[in-house]
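Here is what each chain is made of, one letter per residue.
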Amino acid sequence: MAEEKRVTRVQELIYELTVSDVMKEDVIAIPVQTKMSELRETLRSNHISGAPIVDGDKLIGIISLQDFIDWLAEGQSDCSISEMMTVDVKTLYIDEPLVNVIDKFDKYGFGRFPVITRRGERLVGILTKGTIVEGLLEKLAITRREEEELRYRTNSIFENIIADKINMNLQYTIVAQDFQRAGGSASGLKKTLKYFNIHPRIVRRVAVATYEAEMNIVIYGNGGEILVKIEPHQIEIVALDSGQGIPDIEKAMQPGYSTAPSWIREMGFGAGMGLANIKKCVDEMSLTSTVGEGTHLKMSINI
Amino acid sequence: MKLEKIKDILQAEVIVGADDLQKEVKMACGCDLMSDVLAFVKSGSILLTGLVNPQCVRTAEVSDIIAICFVRGKKPPNETKKLAEEKNIVLLATDLLLYESCGELYNAGLPGCSEYGEDF
Amino acid sequence: MKLNEIVEKLNLEVMSGANKLDNEVKRGYVSDLLSDVIAHSQEGDVWVTLQIHQNVVAVASLNNLSGIVLVNGRYPEDETIQKAETEGIPIVVSKLPAFEVVGRLYNLGILGVADAGGV
């Protein structure tokens, strides 16, 4: 069981991690002006079997032990390294996910790939199979520590509860027009959810949706409440207010549509993205509103 | 890109989180409207903005933004600093305009949110 | 650099002011806060923003900006387009976020401030 979970985590990591997470940054690069006769000493003193060749910080080639052997075989005329290097270098971009990288190792059969930036093609690191394995092991160790910590916390909450159905209700009070404290509920909820064994991605979606709903209550709602129900399979969030209400819900849902006054916009809100954002974050939402009476927004996210 | 490097490129002052400059950010987002930040930003970003109110830190907190850099010489009020310390968000401040800040970082190789793989 | 060159290089969609694309772009400015743009942008700036409200046209016209680039694929409201046509303000749309649009403009040599004293 535990074994199975580890394997899945490795697979997840291969998708989550990018080249920058595992590459070696202090790459030994050889300036293009270097002579072939100087190469042996560089390789030997650094214990490497090849190196990228740079002009300034721009990658222009790569040299391997094989190239060095070829040069020896050809009679060791003291030419510049640029005459012996491989120019058609297969590289990796710094932001590529590891899953692409593994494909490339398979496809080309090379032992190392220089890592470059997308723009400017500057050499920023190097990746070998060894650095990938080190990177994965390190992340796995972190994951394991985090999981153990989480399990401990979750257990300490629920281990003594015996019931056929468990749910936890949380209630937050939202004060109208209070921009200093606004966001406190979303923040409190996010912090609280860390004590349950819930994936960070889901926690983030809950936090963003709650924050948007909370800002709506602060700006338009004349104050109100956020009610949260945590169940083993889902989190339900209800945002209630007794404010001005929404005359045209369909219009309000359109990205970019806003009735916010300019001072709200200057605060960085009221861009008309709130409800659209919420929709993106949650699995289900229902919005009802009566002008002059208030708004009732119910959202649920599956765990 | 390490925060340390971003600080150097933007000649920024560290306001909160001087011990966290070795943290790595994956991408940047330049925006003054928090809803758009929430809609488009991915976790592990740095937010460049001209807004200094505490809601920037809230936005960072809920969307897993690691650091905020305030631009055009704006300095955050104490509420913002306090909240950032509490929530472990690094705050930087630069005299550069948002425009220069984006331009310099982009050209130093920091990707934007649309270029950076899938959301996490 | 003229606006139409930028439109071409950044693959932008023209929403208004098609006859004004030969406007000379001197510098760039990026902000979503109208008061900030009014206070700090300069004549000839191309303005990068995600605000689509018709007030953007008023601001651009007030400061004689060379054009407006809307980001994140946000299209202007109908009122905004109408107003832009009347005022002769080019509005163009990019699918990219502001950070990347500015990065690319910067690459094309459109810088932010005319001189050190400009801010």
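Residues numbered from 1 in each chain as written. Chains lettered and ligands numbered in written order. Predicted model: local features only at pLDDT ≥ 70, side-chain atom pairs only at ≥ 80, totals over all residues. Heavy atoms only, no water.

Take the side chain of Glu100(C) next. Inspection of the secondary structure puts Glu100(C) in helix H5 (residues 98–107). It turns out Glu100(C) is buried and unbridged, and the closest side chain with the opposite charge, Arg104(C), is 4.7 Å from it. (Helix = DSSP H or I, 4+ residues; strand = E, 2+ residues; numbered from the N terminus. Buried < 20%, exposed > 50% of the residue type's maximum accessible area, 1.4 Å probe, protein only. Lys, Arg positive; Asp, Glu negative; His and termini not counted. Salt bridge = Lys/Arg side-chain N within 4 Å of Asp/Glu carboxyl O.)

On to the layout of surface pockets. Residues and elements named next belong to chain A. Approximately 580 Å³ is the volume attributed to the second largest pocket. Every residue lining the second largest pocket is counted, 31 residues in all, and those nearest its centre are Asn216, Tyr220, Ile246, Ala252 and Leu275. Every element with two or more residues in the lining of the second largest pocket is listed here: helix H8 (200–220), strand E9 (234–241), helix H9 (249–253), helix H11 (274–281) and strand E11 (294–302). The greatest single-element share of the lining of the second largest pocket, amounting to 7 residues, is contributed by H8. Class assignment of the residues belonging to the lining of the second largest pocket gives a composition of 16 nonpolar, 11 polar and 4 charged. (1 Å grid on protein atoms, 1.4 Å probe; cavity = no way out; pocket = protein on both sides within 12 Å on 5 of 7 lines; lining within 4 Å. Points joined across faces, edges and corners; volume = space filled by probe spheres on them. Nonpolar A, V, L, I, M, F, W, Y, C, P; charged D, E, K, R; others polar.)

Quick look at H8(A) now. Residue and element names in this part refer to chain A. The end-to-end C-alpha distance of H8 is 30 Å, a good match for the 30 Å that 21 residues give at a rise of 1.5 Å each. Across the 21 residues that make up H8, a large majority, 16, are buried. Downstream of H8 by a residue or two, Asn222 has a phi angle that is positive, lying close to 65 degrees. (Expected span 1.5 Å × (residues − 1).)

It is worth spelling out unusual backbone geometry at this point. Look at His47(A): it is not a glycine, yet its phi comes out positive at around 55 degrees. In this fold, His47(A) is placed in the loop between helix H3 (36–46) and strand E2 (50–55). Not every positive phi belongs to a glycine, and Asn11(C) is a case in point at roughly 55 degrees. Tracing the backbone through its elements, the reader meets Asn11(C) in the loop between helix H1 (3–9) and strand E1 (13–16).

The strand order across the open sheet built from 3 strands is E1-E2-E3 (chain A), with neighbouring strands paired in mixed fashion. Unpaired on one side and paired on the other, strand E1 (30–31) and strand E3 (58–64) of chain A mark the two borders of the sheet. (Pairing = 2+ DSSP bridges.)

This brings us to the confidence of the model for chain A. In this model, chain A carries a mean pLDDT of 84, and residues with pLDDT of at least 70 account for 93%. Below pLDDT 50 for its whole length, residues 1–6 of chain A participates in 5 contacts with residues either more than four positions away or in separate chains. (pLDDT = per-residue confidence, 0-100. Contact = heavy atoms within 4.5 Å.)

This part takes up the nonpolar core. One finds Ile6(B) and Ile46(B) to be the most contacted residues of the largest nonpolar core, which totals 115 residues. Here this core gets 12 residues from one element, more than from any other, and that element is H8(A). With near-sequence residues (within four places) excluded, Ile6(B) lies in contact with Met1(B), Val25(B), Ile46(B), Leu92(B), Leu105(B) and Leu110(B). Listed in part, the 18 residues of the second largest apolar core include Leu13(A), Val22(A), Met23(A) and Val101(A). (Core = buried A, V, L, I, M, F, W, Y, C linked by side-chain atoms within 4.5 Å.)

Further remarks concern the interface of chain A and chain B. How big an interface is tends to be stated in terms of accessible area lost as the parts join. Contacts between chain A and chain B engage 36 residues on the former and 35 residues on the latter. It is Arg119(A), Arg204(A) and Tyr211(A) in chain A that bury the most area against chain B; as a group they hold 25% of the surface buried on that side. At the junction of chain A and chain B, the tally comes to 3 salt bridges. A salt bridge links Asp64(B) to Arg204(A); the shortest N-O distance between them is 3.8 Å. Taken together, the links from chain A to chain B amount to 16 residue pairs in polar contact (both at pLDDT 80 or more). Taken together, the elements giving at least two residues each to the side of chain A that touches chain B come down to helix H7 (184–193), H8, helix H10 (262–266) and H11 of chain A. In the side of chain A that touches chain B, the residues fall into 12 nonpolar, 10 polar and 14 charged. (Buried area = accessible area lost by both parts, 1.4 Å probe. Polar contact = N/O pair within 3.5 Å; in protein donor to acceptor, adjacent residues only side chain to side chain.)

Counting residues at the interface gives 6 residues for chain A, matched by 9 residues for chain C. When chain A packs against chain C, the two sides together hide about 620 Å² of surface, and 44% of this comes from carbon and sulfur. Sorting the residues of chain A by area buried against chain C places Gly256(A), Arg265(A) and Glu266(A) first, and these three jointly supply 67% of that buried surface. Residues of the side of chain A that touches chain C, tallied by class, amount to 2 nonpolar, 1 polar and 3 charged.

Attention now goes to empty space enclosed by the protein. It is a probe the size of a water molecule, rolled over the atoms, that shows where empty space is left. Under the definition given, this model contains 4 cavities of 30 Å³ or more. What lines the largest cavity is a set of 13 residues, among which Cys29(B), Gly30(B), Asn72(C), Pro97(C) and Ala98(C) lie closest to the centre. Where the lining of the largest cavity is concerned, the elements lending two or more residues are strand E2 (27–30) and helix H2 (34–40) of chain B together with H5 of chain C. With 3 residues, the top contributor of residues to the lining of the largest cavity is H2(B). Here the residues of the lining of the largest cavity sort into 10 nonpolar, 2 polar and 1 charged. Considered as a void within the structure, the second largest cavity measures approximately 50 Å³ in volume. Forming the boundary of the second largest cavity are Ile94(A), Asp95(A), Arg118(A), Arg119(A), Gly109(B), Pro111(B) and Glu115(B). When grouped by side-chain class, the residues that make up the lining of the second largest cavity number 2 nonpolar, 1 polar and 4 charged.

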